[in-house]
Amino acid sequence: MSQELFKKMAQSILDGDDEVSAELAQKALNEGIDPLAAITDGFMPGVNEVGDNFACGDAFLPELVMAGEAMKAAIAVLEPAMMASGVSRQVLGTVVLATVEGDIHEIGKTLVGTMLTSSGFKVYDLGVDVPTADLIAKAEEVGADIIGLSALLTTTMIKQKEVIDEVAKRGLKVMVMVGGAPVTKEWVQRIEADGYSEDAIGAVSVAKELMGL
């Protein structure tokens, strides 16, 4: 019975239907299905499939965004039940995410946050135009494993370097991932970032690699 429900859950993510995913999450709870199982066996296969499709060019950005929203809707229903039962998803790592100071582009960064959250990371999204000092302070406060920095303007890319330099100066044990349209592999090497991805799905893979997963 639950296998049939799990298939529908995965399909709701593939369809990017947040209303259906939330309904199925509630149905799982009503039927006494472990909320953690609903995430890992039901919804996650859908997230993974959308990610694979996107990587192969068979799915596009709008589908990725919708899948992320559908996953968020499902988790919003299931997470309170997990908290109540004292069960929590294994957190793969803690990420502080932001668009750097001077830059107000949000879509790519928000999508990365959604996909990381969907994949089991704890994400603190500080938003856009975030000063280096605020980023470092938050990373220290939450004991972040990774800082994720987005920049969509060539003029603000230098702020990625500023954050990396500040992390090094303070001797913090935090890795820095960067991304954004103008960011190149050459730039990543130059500023000695720990990771780089061109898209949200790639960012999840890079984050997992950085965590040794």
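Every chain begins its residue count from 1, and numbering advances along the sequence as written. It should be noted that, the model being predicted, local features are given only for residues of pLDDT at least 70 and side-chain atom pairs only at 80 or more, the latter also being counted only at that level, while totals for whole chains, interfaces and linings use all residues. Hydrogens and water are ignored here; the side-chain numbers use all heavy atoms of the structure.

1. Details of the pairing of strand β3 (residues 146–150)
A regular strand carries its side chains on alternate faces of the sheet. To be explicit about the condition: A 1.4 Å probe rolled over the protein chains alone gives each residue an accessible area, and that area as a share of the maximum for its type sets the label: buried under 20%, exposed over 50%, partly exposed in between. Here a strand is any run of E in DSSP of at least two residues, a helix any run of H or I of at least four, and the numbering for each starts at the N terminus. Any two strands between which DSSP finds at least two bridges are classified as paired. Here a crossover is taken to be right-handed if, once the strands point away from the viewer, the path from the first strand over the helix to the second is traced clockwise.
Burial analysis of β3 places 5 of its 5 residues in the buried class, which makes it a mostly covered element. Alternating positions in β3 separate into two faces, Ile 146, Gly 148 and Ser 150 on one and Ile 147 and Leu 149 on the other, with burial throughout. Across 5 bridges, strand β1 (residues 94–99) lies against β3 in parallel orientation. Pairing of Thr 99 across the sheet is with Ser 150, part of β3. The pairing of β3 with strand β4 (residues 175–179) spans 5 bridges and is classified as parallel. By the bridge assignment, Ser 150 is partnered in β4 with Gly 179. The parallel pair β3 and β4 is bridged by helix α7 (residues 158–170), and the resulting crossover is right-handed.

2. Focus: helix α1 (residues 2–14)
As a reminder, the rule being used: To estimate the expected span of a helix, subtract one from its residue number and multiply by 1.5 Å.
The end-to-end C-alpha distance of α1, which contains 13 residues, comes to 18 Å, matching closely the 18 Å that a straight helix rising 1.5 Å per residue would cover. Just past α1, the residue Gly 16 takes up positive phi, approximately 65°.

3. Focus: the pattern of salt bridges
Condition: By definition, a salt bridge exists where a carboxyl oxygen of Asp or Glu is found within 4 Å of a side-chain nitrogen of Lys or Arg.
Under the criterion given, the structure shown has 10 salt bridges. With a shortest N-O distance of 3.7 Å, Lys 72 and Glu 69 are connected by a salt bridge. Note that Lys 72 and Glu 69 are positioned in helix α4 (residues 61–84) at a spacing of 3 residues, about one turn of the helix. Under the relative-accessibility criterion, Lys 72 is labelled partly exposed at 37%. Arg 170 is the partner of Glu 166 in a salt bridge, and the nearest nitrogen-oxygen pair spans 2.9 Å. Linking Glu 166 with Arg 170, this pair stays in helix α7, spanning 4 residues, or about one helical turn. Three or more residues joined by partner-sharing salt bridges are found here, namely Glu 140, Glu 166, Lys 169 and Arg 170.

Everything listed here is a matter of coordinates, which is why it stays silent on function.
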